[in-house]
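# Overview (structure and organization)
Listed here are the chains, written in short residue letters.
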Amino acid sequence: MNDGDSNRNPVESDECFGELADMIDLVDEMTRDRLSGGELDRRREEIMDRVRRRKLTEPATDSAAQTAAAPQAVGNGFGIQGIPDGRIRLTAVRRSLACATLARDTMDTFANGDLVGAAAGAAALADADRYRDSALQKAAAIVKQAQQDADDLRAEAQRVLDEARQQAAGMPDDSLGLPPPNLHTLGITGSTARPSSAKSESGADGVAGTSSRSPLRAHSPAPGGKHWHPLVDHLRSTAELARRFAVPFGGGDVAYWLGALHDVGKAACAWQDRLAAVAVTGGPVGIDHKSFGTQVAHERGLGGFAGAIFGHHGGLIDTPNLRKAFRKRLADAPGNVASTERELSGLLPDLPERLDDLVPADWRADPLVGEMALRLCYSALVDADSLDTSAHFRGLASLRVRPDVDFGHLYKLFEQRRSGELAGRGGTSIAGLRGQVYADCLAAAERDRGVFRLGAPTGAGKTLASGGFALRHAERHGLRRVIVAVPFLTITEQNAAVYRRLLDEDGAEPVVLEHHSQADFDDPQAGRWARLAAENWDAPFVVTTFVRLFESLYARKPSAMRRVHRLANSVIVLDEVQALPHAMLAPILDGLRLLVRHFGATVLLSSATQPSFWALDEFKGVPCTDLILDTPKLVSDLRRVRYEWQLDPKPTLADIAGQAASEPAALVVVNTTADAKVVFDQWRDAEPEGVAWHLSTRMCPDHRRRVLERVRARLGRGERVLLVATQLIEAGVDVDFPVVFRALAPADSLLQAAGRANREGRMAGGGRVVVFAPEDGGQPPTYKTLVGCAGRQFGPDRADPDDLAALGRYYRDVYDLLNLADSQHVGKRIQQARRRWEFETVAEGPLDASTRRRDRKLAFRMIDDDGISVVTPQGAETPELRRELERLVEELRRAPVPDLAGLRRLQAYTTNVHPSALRQPGAMALMLPIFGDEVRRGVLVEWIGEYDDATGINLDPNLEDFVV
């Protein structure tokens, strides 16, 4: 500074505030004319270049007297007490910059004409007054608010300029008591600018050596709220909760530091400033905050486990790419790295220099063990992060995590209620055999944790026996929960109802959680905070589907994986295990092996048609305990049917419908929803009301439940009843018909269908099972090979499907023909990717070198095509309930953070439609997104089209090739 400038009062000239005035003009021009983003960025950068050239960030240094004489900000609401006037001016520029950015974002998002036009279009497509009126009203309100926001932002920017001028002019302290910025408009406090070089020796925020600026924030206030989420609180809360989740499988310390480091990148000045800027819109900050913590964890010895931090929002990536990914992001933002490094010791003063010793030795010794450990640690991290974040946005004083349950009490309750129910049924020979099966299971529950096998035939009471085993085993070994997984939604609903009846108590928190929704809360279209509503299995007794269990285990995104850590130290019951997809057996069996051997789980494989899993590499040598000592004798004692075959000539579906209609009561099981509707339509007009019934996944779960209740009631009263169903009725569904017609299918399906005939053994001559090959019937593409194998082992001149020796040959034949042991088989390739810790490759398929797209055919998929999760309020039993469900759907649409309790309430009215439905002209217009604004796979939608009281969602049957 030269002599000519030394006595100049910088405040007397508007030149010193030219940058501020230019910024105000920029805000004004943009909000009037919607200045393009590129032009705004160019103009904004010019202004900031001028700021940097003038070195406003540096106080005068040519003399101590000049420095002392520089005007100071006192009580100014900016959180920069003791900072020279140059910093005051820079602070004002930054605040004005934030206003400009907000105004641009607001006007870009809420363009008047575009928004109204889109809303009107959506309303017209809905073709319903309530959707049209709601959409137009919402559009008008949003446009009005956007205009008001723009006006408020211009006024706020001008006020920032005025405040800075007054403060820099050296006004008396008592004249600086200006109100803070408009919190309701900006969503930020006056302490937005926090110069990182300003330090307090005492530590103003309670940690020695930390910045004197205001506390660092992790999240903005909830909509309508005032409280910010302190970063240090979020880091520690997430770390402690992640440790709690991971202790049962030996990963407590690893999970703690993953949690403590996962958001340290938010300490960067740029991130904090941007959070303040976007607080009003609720939009994303858009600045990387994961790479810094990833680097710290990686370089201090956690290695690939640091990938959990890098993926805690976007998902786990292929670990070989991890180092390059986080280093590139850090290299692109050196200023953020520097400002975060200055804050790290204050945020985490106890962070060890090395973290190597925290990783258990067996996790490092075997890549498959380490890969599974990382999945569990990642799950613990993202669940803890979601819970702490959700608690903040819901305004909760503390986290809500359910304490461990007393399985001794649950086991005694289960025993007491089971005994009471059986006492009222009377004694039969079948009941005696079921009692013996149950007793054998309880005796085996005393054994050490491991793999168990329950090979009882259909009708042997496996639901109660496996439940009793699981509860007793959990009590005996101090396990955390029971997880029962089944192949079909109908079994989920039935089993959950049985377990609720035996375990839930009036006035107490429910014990049993039923979870089968296939909504993808990681999908960007689901909304920014939808992931917080993802199910995390925080219940003692979970009933779910194979799809949910294993696609969660081998997923890579946070909402799908946040429940995975619950598998450790749990009893996992796989009911009807024969329905596991053959193509995925390698990763499924290996995952089960690892969970048992290294992570404290027990696995029970339950099925009347036990597959030959020990013939496959992944299960060779795995110890197994059979719960039933003499399975062949039990099968012989429980045989209750005789088989008939109609394979040549082939009957039509109409022929079968006619044969069934000639019986007093009959069940017809077909392979597709389209075939089920064909058979039902043959009966609909010909039979009196209440006789003919239909069951398929076109119907919501509660609708299916009511149908099964009425069918069982008619059967119990000896009344005429005809039921057509897809294969969802086979495995474990408790119905008892004298005659069952089953379309030709894999051997295990034939035997499962037979379990619905003469189930209670009351018919002296046995029940009838008619296996037919429909001339005009369809079947899933996966059935071709399996049906061919069944034909070589079973038929009119061959064995019956309940022949255990023939069944073993059938499974080995299937495994050989499907080439499950081939290194190029999809299951084996997934295993190879797992050994390399390539999480994207496992979940989404390998990257094609030519197209740069991932081949999803080689990804882990329990079903070939994801269904569309459709909520059907029309399936409610009463008009009042339907209106209640419609209100709940609207509440979920409007909620900034979806309510998990509300989503659980909708599960009973949510079904899955085959994705081929999206190809039908007009079908998408009948699906309204509940989260996001686009209808596609994985997004939860509401069905507003026709819903038949008998058959459910009304779609062209040719569009549904097979049941989802």
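Here, every reference points to the structure presented above.
Now for a quick tour of the structure. Since the structure is predicted, the reported quantities are computational estimates derived from the model, not experimental observations.

Each value, and the rule that gives it
Residues numbered from 1 in each chain as written. Predicted model: local features only at pLDDT ≥ 70, side-chain atom pairs only at ≥ 80, totals over all residues. Heavy atoms only, no water. Pairing = 2+ DSSP bridges. Helix = DSSP H or I, 4+ residues; strand = E, 2+ residues; numbered from the N terminus. Axes fitted to C-alpha atoms, helices over the stretch in contact; angles between N-to-C directions. Contact = heavy atoms within 4.5 Å. Phe/Tyr/Trp six-rings, centres within 6.5 Å; stacked < 30°, edge-to-face > 60°. Buried < 20%, exposed > 50% of the residue type's maximum accessible area, 1.4 Å probe, protein only. Salt bridge = Lys/Arg side-chain N within 4 Å of Asp/Glu carboxyl O. 1 Å grid on protein atoms, 1.4 Å probe; cavity = no way out; pocket = protein on both sides within 12 Å on 5 of 7 lines; lining within 4 Å. Points joined across faces, edges and corners; volume = space filled by probe spheres on them. Nonpolar A, V, L, I, M, F, W, Y, C, P; charged D, E, K, R; others polar.

### Here we look at the sheet that holds strand β14 (residues 739-743)
Strand order across the open sheet formed by six strands is β10-β15-β14-β11-β13-β12, with parallel pairing between neighbours. Looking at strand neighbours, the two that pair on one side only are β10 (641-646) and β12 (692-695), the edges of this open sheet. On average, each strand axis in the sheet is tilted by 15° relative to the strand beside it, whichever way the strands run. Pairing geometry for β14 and strand β15 (residues 767-772), over five bridges, is parallel. Note on β15: the bridge partner recorded for V740 is V769. Here helix α28 (residues 701-716) sits on the sheet in contact with β11 (665-669), β12 and β13 (721-725), set at roughly 140° to β12.

### Points about the packing of aromatic side chains
In the structure shown here, the tally under the stated rule is 15 aromatic pairs. Between Y499 and F541, the ring centres sit 4.7 Å apart and the planes meet at 50°, which makes this aromatic pair tilted. Taken as a pair, Y499 in helix α21 (residues 489-503) and F541 in strand β6 (residues 541-545) lie far apart in primary sequence, 42 residues in all. Residue Y499 is classed as buried on the basis of its relative accessible area of 1%. Considering the side-chain rings of Y554 and F860, the 4.9 Å spacing of their centres and the 50° angle between planes classify their relative orientation as tilted. Within this pair, whereas Y554 is found in the loop between α22 (546-553) and α23 (558-561), its partner F860 is found in the loop between α33 (839-844) and β16 (868-871), the two being separated by 306 residues in sequence. F860 carries the same exposure label as Y554, and that label is buried.

### Observations concerning the pattern of salt bridges
Within the structure shown, the criterion is met by 52 salt bridges. Between D800 and R639 there is a salt bridge whose closest N-O contact spans 2.6 Å. Residue D800 is found in the loop between α30 (783-793) and α31 (804-817), and its partner R639 is found in the loop between α25 (631-637) and β10; the two are separated by 161 residues along the sequence. Accessibility expressed as a relative area gives 42% for R639, which makes it partly exposed. Via salt bridges that share partners, D318, R556, E840, E844 and R854 belong to a single interconnected network.

### So, empty space enclosed by the protein
By rolling a water-sized probe across the atoms, one finds the places where empty space is left. Within this structure, the stated rule accounts for three cavities of 30 Å³ or more. What the largest cavity holds in volume is close to 180 Å³. Those elements giving two or more residues to the lining of the largest cavity turn out to be β10 and α29 (747-754). Taken together, the residues of the lining of the largest cavity sort by class into nine nonpolar, two polar and three charged. In this structure, the second largest cavity encloses a volume near 70 Å³. As for the second largest cavity, its lining consists of H582, A583, L585, A586, L616, D617, E618, L820, A821, H825, G827 and K828. Secondary structure elements with two or more residues in the lining of the second largest cavity: α24 (585-598) and α32 (826-835). Among the residues making up the lining of the second largest cavity, the classes are represented as six nonpolar, three polar and three charged.

### As for unusual backbone geometry
The phi angle of most residues is negative, glycine excepted, and most peptide bonds adopt the trans form. Residue P649 follows D648 across a cis peptide bond; omega there is 5°. Following the sequence through the fold, P649 ends up in the loop between β10 and α26 (653-661). We note that N758 has phi near 50°; this positive angle belongs to a residue other than glycine. Position of N758 relative to the elements: it lies in the loop between α29 and β15.

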